Amino acid sequence: MLIRSEAPADILLIDALLKSVFDTDAEANLVMRLRENGCRTLSLVACTDEGEVIGHAFFSPVTVAGQETNWQGLAPLSIHQDHRNQGVGLALLAEAQATLADFDYPAVVVLGDPNYYHRAGYEAALPHGLTCRWPGTEAAFMVLEIAPGSVQQHQGLVEYCEEFNALA
């Protein structure tokens, strides 16, 4: 398996992957809008040895308490159905963490399954004084500290790019 940054030739493959993984086209449309509007910080693909795109992770900027913090939001993470439970997602997350660290991004937030994301080092965000705009998601809202001490420096409402509001 190879993990690399998305290339222009991957865009339609990523779109097809997202449409196959999620129940609606909302996530595929979100990624396309974020990309078109310049809100992509990092977009990684996982490929088989034959070059088939089997996984994707997308990161875009978030604010904390209305401030630019250089923090990133992970959404979405998608793995092709035939390649789940084989470590593809965790490998994408590890590569993303290393890449984001190389570029001095201090933290990542995600809204997802705590049982899964805890395995990648994410922690519940609420004990750190971090919330998101979607009620009832407190247990699923998590943070990963990349730069030591960065999470304790900020508290408050974490807001994703405007494009996410179409999902609410």
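Residues numbered from 1 in each chain as written. Predicted model: local features only at pLDDT ≥ 70, side-chain atom pairs only at ≥ 80, totals over all residues. Heavy atoms only, no water.

A. Representation of the UniProt feature "domain: N-acetyltransferase" (unreviewed entry) in the chain within the structure. Taken from the UniProt record, the annotation "domain: N-acetyltransferase" (unreviewed entry) applies to residues 1-147. The span residues 1-147 is 28% helix and 34% strand, and its two end C-alpha atoms sit 28 Å from each other. (UniProt positions renumbered as here; feature names shortened; annotations may be inferred. Helix = DSSP H or I, 4+ residues; strand = E, 2+ residues; numbered from the N terminus.)

B. Layout of the nonpolar core. Formed by 30 residues in total, the largest nonpolar core has its most connected members in Trp 71, Val 109, Leu 130, Phe 141, Val 143 and Phe 164. Residues in contact with Trp 71, not counting those within four places in the same chain, are Ser 60, Pro 61, Val 62, Val 64, Pro 106, Ala 107, Val 109, Leu 130, Val 143, Ser 150, Val 151 and His 154. With 23 residues, the next largest nonpolar core counts Leu 44, Phe 59, Val 110 and Tyr 122 among its residues. (Core = buried A, V, L, I, M, F, W, Y, C linked by side-chain atoms within 4.5 Å. Buried < 20%, exposed > 50% of the residue type's maximum accessible area, 1.4 Å probe, protein only. Contact = heavy atoms within 4.5 Å.)

C. Main features of the packing of aromatic side chains. By the definition in use, this model includes four aromatic pairs. Here the aromatic rings of Tyr 117 and Tyr 122 are separated by 5.6 Å at their centres, their planes lie at 80°, and the arrangement is edge-to-face. Exposure class is identical for Tyr 117 and Tyr 122. Each is buried. Between the aromatic rings of Trp 134 and Tyr 160, the centroid separation amounts to 5.7 Å while the plane-to-plane angle is 55°, which identifies the pairing as tilted. Of this pair, Trp 134 sits in the loop between strand S7 (130-132) and strand S8 (141-145) while Tyr 160 sits in strand S9 (residues 156-160), placing them 26 residues apart in sequence. Across this residue pair, the class does not change: Trp 134 and Tyr 160 are buried. (Phe/Tyr/Trp six-rings, centres within 6.5 Å; stacked < 30°, edge-to-face > 60°.)

D. A look at the pairing of strand S2 (residues 42-47). With six of six residues buried, S2 is to be regarded as a mostly interior element. Across the two faces of S2 the burial is the same, with Leu 42, Leu 44 and Ala 46 and Ser 43, Val 45 and Cys 47 all buried. Pairing of strand S1 (residues 2-5) with S2 involves four bridges; the strand directions are antiparallel. Looking at S2, one finds that Ile 3 is bridged to Ala 46. Pairing geometry for S2 and strand S3 (residues 53-64), over six bridges, is antiparallel. From the neighbouring strand, Ser 43 faces S3, where its bridge partner is Phe 58. (Pairing = 2+ DSSP bridges.)

E. A look at a negative patch on the surface. A grouping of Asp 49, Glu 50, Glu 52 and Asp 82 is seen on the molecular surface, where their side chains present a negatively charged patch. Given a relative accessible area of 71%, Asp 49 falls into the exposed group. (Patch = residues over 30% accessible without salt bridge, like charges linked within 9 Å, V, L, I, M, F, W, Y side chains within 5 Å. Areas by Shrake-Rupley, 256 points an atom, 1.4 Å probe, with all protein chains shown as cover. Salt bridge = Lys/Arg side-chain N within 4 Å of Asp/Glu carboxyl O. Lys, Arg positive; Asp, Glu negative; His and termini not counted. Charge placed at Lys NZ, Arg CZ, Asp CG, Glu CD.)

F. Representation of unusual backbone geometry within the structure. The omega torsion of the bond from Ala 75 to Pro 76 falls at -10°, within 30 degrees of zero and hence cis. On the secondary structure map, Pro 76 appears in strand S4 (residues 67-79). Phi is positive for Asn 85, close to 60°, though the residue is something other than glycine. Relative to the helices and strands, Asn 85 is located in the loop between S4 and helix H3 (88-102). Classification of Asn 85 by relative accessible area gives exposed; the value is 82%. Phi is positive for Asp 104, which is not a glycine, with a value near 65°. Mapped onto the elements of the fold, Asp 104 is located in the loop between H3 and strand S5 (107-111).

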